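Listed below, chain by chain, are the residues.
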Amino acid sequence: MVNFEFSEEQKIFRESVKEFLQKHLQPAWTTIDEEHRIPVDLIYKMGEQGFFAIPVPEDFGGQGGDFVSTVIAVEEVAYHDPSMAVAVYTLLNNAWPYILYLYGTDEARQTILPEVGRGRAFFGIASTEPHGGSDVAGTRTMARREGDKYIVNGEKIFISGVREVMEQLDMGGWYLIARTGTLEQRHRGISGFALLGKKNGVKTPGIEYSILNTIGRHGISTGILNLKDVEIPKSMLIGEENRGFYYAMEGFTLARITVAAANIGAARWALEQAIEWSKNRVMYEDQRPITRFQGVSFRIAEAAMELEAARLLVYKAAWMADRIYINKEPGLKPKDLNFYSASSKLKAVQTAFNTLSLTMELYGAASYVKETNIARSFLGALSYYVGAEGAQNIMRYIIAREVIGREYVK
Ligand SMILES: Cc1cc2nc3c(=O)[nH]c(=O)nc-3n(C[C@H](O)[C@H](O)[C@H](O)COP(=O)(O)OP(=O)(O)OC[C@H]3O[C@@H](n4cnc5c(N)ncnc54)[C@H](O)[C@@H]3O)c2cc1C
């Protein structure tokens, strides 16, 4: 049975999320972008409202929700902050805590998840290294076992949430990917750790960090982590040693659905701006709105069609994730999500990029002025177009592997 309707519960959830965001986020998003930070009060309020760790069960400090409700929340956050900063914070702070819930030790889960759930901590992903983010299997950060701890050395770059973890909040950090085997072992020699940036107000010794001067989504920081003899207790190893690559891939698969959700939220916002602007932009002797030109109206029509296609893919991916992880339907496995997750990210990011560039074009010169805010959103969405949470070509690679077969796509 196919049913494209949201349930009553989901509709009520979306309305309550919107009501909160209209009051607390919409009036603040441009200031957040200008001042390069999300006020902690807003993060705390979002925590109280249940925006973080949505799919994590309540017993573990989460909201006990599912991936469809996570996507609803993230879509709405991005619509109300199309610069993407608060959306990025929200989407990461749902997907990666879920991986910690799935594979972390009780100690790691108890230390971090309740803090994330109540909005006091951020838990993201530290995978990318200077040698190339797409080559996760080539991770060079080393984790050496010494008794009941690991000593970690290496460098992570383009990491979201560095200032938030190290300066603004407490008890948060990242799913850290580090090598516990040899380089030759590639993905089979990698482990995952819950790296705490700060614990009870004290920064973890050995973590040096800096913030990058990014071109957009200024509200959330993107930074570099230099790890020098950082001690991570064995209790913070996630799952089994040398299996961290696989958990990370599962995390990326889930996170890409939430990334896609943010991109359809921003695209929806952009399309509304484009329509409103084009209806009101009148000129020539008869003061026609520019929508009378098919060169304008047809492109808006196509953008609306593309957005609907992207939305369907994103919600289908979330629905698949619920069948696999929440309902645990027999016969379904995490890898059954690969195609849907990669397709939703590829499509939604491309849609946000296309819709925002169309909006900029229709605004004309006005889009080139900061106050009209279109470029703020364009630069935010661009972060996903250039690579964040996996390059677009990597999405194509994953889809090709699924539809053609792994052995043909090496
Ligand atoms: C704003 C922002 C925030 C980010 N936040 C995080 C974060 O929180 N945590 C984190 O770990 N990382 C983060 N990243 C990094 C992101 O994961 C990487 O950008 C991404 O993995 C791509 O890596 P790269 O940028 O090094 O590009 P590269 O891997 O160097 O790729 C360069 C180009 O080569 C292409 N390419 C590479 N391999 C292939 C292939 N096999 N087939 C075809 N084409 C290929 C890519 O598509 C791309 O166009 C962030 C990035 C940005 C921009």
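Residues numbered from 1 in each chain as written. Predicted model: local features only at pLDDT ≥ 70, side-chain atom pairs only at ≥ 80, totals over all residues. Heavy atoms only, no water.

(A) The overall build of the protein chain, seen in detail. Regarding its fold elements, the protein chain presents 12 helices and 12 strands. A compact globule built from 410 residues would reach a C-alpha radius of gyration of about 22 Å, and the protein chain, at 21 Å, matches this within 12%. When the backbone C-alpha atoms are referred to their principal axes, the protein chain occupies close to 80 × 45 × 40 Å. Out of the 410 residues belonging to the protein chain, those deemed buried represent 54%. The contacts in the protein chain between residues at least 6 apart in sequence include a share of 74% that link residues at least 24 apart. (Helix = DSSP H or I, 4+ residues; strand = E, 2+ residues; numbered from the N terminus. Rg over C-alpha atoms; globule rule 2.2 N^0.38 Å. Buried < 20%, exposed > 50% of the residue type's maximum accessible area, 1.4 Å probe, protein only. Contact = heavy atoms within 4.5 Å.)

(B) Representation of helix α3 (residues 40–49) in the model. Those residues of α3 not exposed but buried are Leu42, Ile43, Met46 and Gly47. All buried residues of α3 fall inside an arc of 140° around its axis, so they share one side. One or two positions beyond α3, positive phi appears at glycine 50, with a value near 90°. (Arc of directions from axis to C-beta.)

(C) Looking closely at the site of the ligand. As a structural note, the neighbourhood of the ligand is formed by 19 residues, with Ile125, Thr128, Gly133, Ser134 and Phe158 the closest of them. The separation between an oxygen atom of the ligand and a polar side-chain atom of serine 134 is 2.5 Å. Asparagine 393 has a polar side-chain atom sitting 3.0 Å from a nitrogen atom of the ligand. Here the shell around the ligand takes 3 residues from strand β3 (residues 149–160), the largest share from any one element. Across the shell around the ligand, the residue classes break down as 7 nonpolar, 10 polar and 2 charged. Counting contributing residues, the shell around the ligand receives three or more from each of domain 2 (123–238) and domain 3 (244–408). (Near = heavy atom within 4 Å. Polar contact = N/O pair within 3.5 Å; in protein donor to acceptor, adjacent residues only side chain to side chain. Nonpolar A, V, L, I, M, F, W, Y, C, P; charged D, E, K, R; others polar. Domains from an automatic or database assignment.)

(D) Spotlight on the layout of surface pockets. Considering only enclosed or pocket space, the second largest pocket measures out at about 660 Å³ in volume. Every residue lining the second largest pocket is counted, 18 residues in all, and those nearest its centre are Asn3, Phe4, Glu5, Tyr315 and Trp319. Counting contributing residues, the lining of the second largest pocket receives three or more from each of domain 1 (8–117) and domain 3 (244–408). (1 Å grid on protein atoms, 1.4 Å probe; cavity = no way out; pocket = protein on both sides within 12 Å on 5 of 7 lines; lining within 4 Å. Points joined across faces, edges and corners; volume = space filled by probe spheres on them.)

(E) Focus on unusual backbone geometry. Not every positive phi belongs to a glycine, and tyrosine 284 is a case in point at roughly 75°. Residue placement: tyrosine 284 occurs in the loop between β11 (282–283) and β12 (288–289). Phi angles above zero are rare outside glycine, and glutamine 287 is one such case at about 50°. By the element assignment, glutamine 287 lies in the loop between β11 and β12.

(F) Focus on the domain arrangement of the protein chain. Domain annotation for the protein chain reports domain 1 (8–117), domain 2 (123–238) and domain 3 (244–408). Taken together, the contacts link 28 residues of domain 1 with 20 residues of domain 2. Looking only at domain 1, the three residues that lose the most surface to domain 2 are His36, Trp96 and Ile112, adding up to 23% of its buried area. At the boundary of domain 1 with domain 2, the tally comes to 0 salt bridges. Taken together, the connections running from domain 1 to domain 2 amount to 7 residue pairs in polar contact (both at pLDDT 80 or more). Listed by contribution, the elements that provide at least two residues to the side of domain 1 that touches domain 2 are α2 (29–35), α3, α5 (85–103) and α6 (106–117). Counting residues per element, the side of domain 1 that touches domain 2 draws most heavily on α5, which supplies 10 residues. Here the side of domain 1 that touches domain 2 is built from residues that sort into 18 nonpolar, 6 polar and 4 charged. (Buried area = accessible area lost by both parts, 1.4 Å probe. Salt bridge = Lys/Arg side-chain N within 4 Å of Asp/Glu carboxyl O.)

(G) The arrangement of the packing of aromatic side chains in detail. Overall, the coordinates contain 20 aromatic pairs when judged by the stated rule. A ring pair is formed by tyrosine 89 and phenylalanine 122, whose centres lie 5.0 Å apart and whose planes are at 40°; its orientation type is tilted. One end of the pair, tyrosine 89, is in helix α5; the other, phenylalanine 122, is in the loop between α6 and β1 (123–126), with 33 residues separating them in the sequence. Summarising the aromatic geometry, the rings of tryptophan 96 and phenylalanine 252 are spaced 5.2 Å apart at their centres and angled 80° between planes, so their arrangement reads as edge-to-face. In this pair, tryptophan 96 is assigned in helix α5 and phenylalanine 252 in helix α8 (residues 244–280), connecting sequence segments 156 residues apart. (Phe/Tyr/Trp six-rings, centres within 6.5 Å; stacked < 30°, edge-to-face > 60°.)

(H) Representation of the pairing of strand β2 (residues 142–146). Pairing of β2 with β3 involves 5 bridges; the strand directions are antiparallel. Within the sheet, the bridge partner assigned to alanine 143 lies in β3 and is valine 152. Hairpin connection from β2 to β3: 2 residues lie between these consecutive antiparallel strands, with glycine 147 at a positive phi of about 65°. (Pairing = 2+ DSSP bridges.)

(I) Just the side chain of glutamine 392, in detail. On the secondary structure map, glutamine 392 appears in helix α12 (residues 392–404). Under the relative-accessibility criterion, glutamine 392 is labelled buried at 6%. Only 3.3 Å separates the side chain of glutamine 392 from the side chain of lysine 345, close enough to count as a polar contact. With residues near it in sequence (within four places) discarded, glutamine 392 still touches Lys345, Leu346, Val349, Gln350, Tyr384 and Tyr385.

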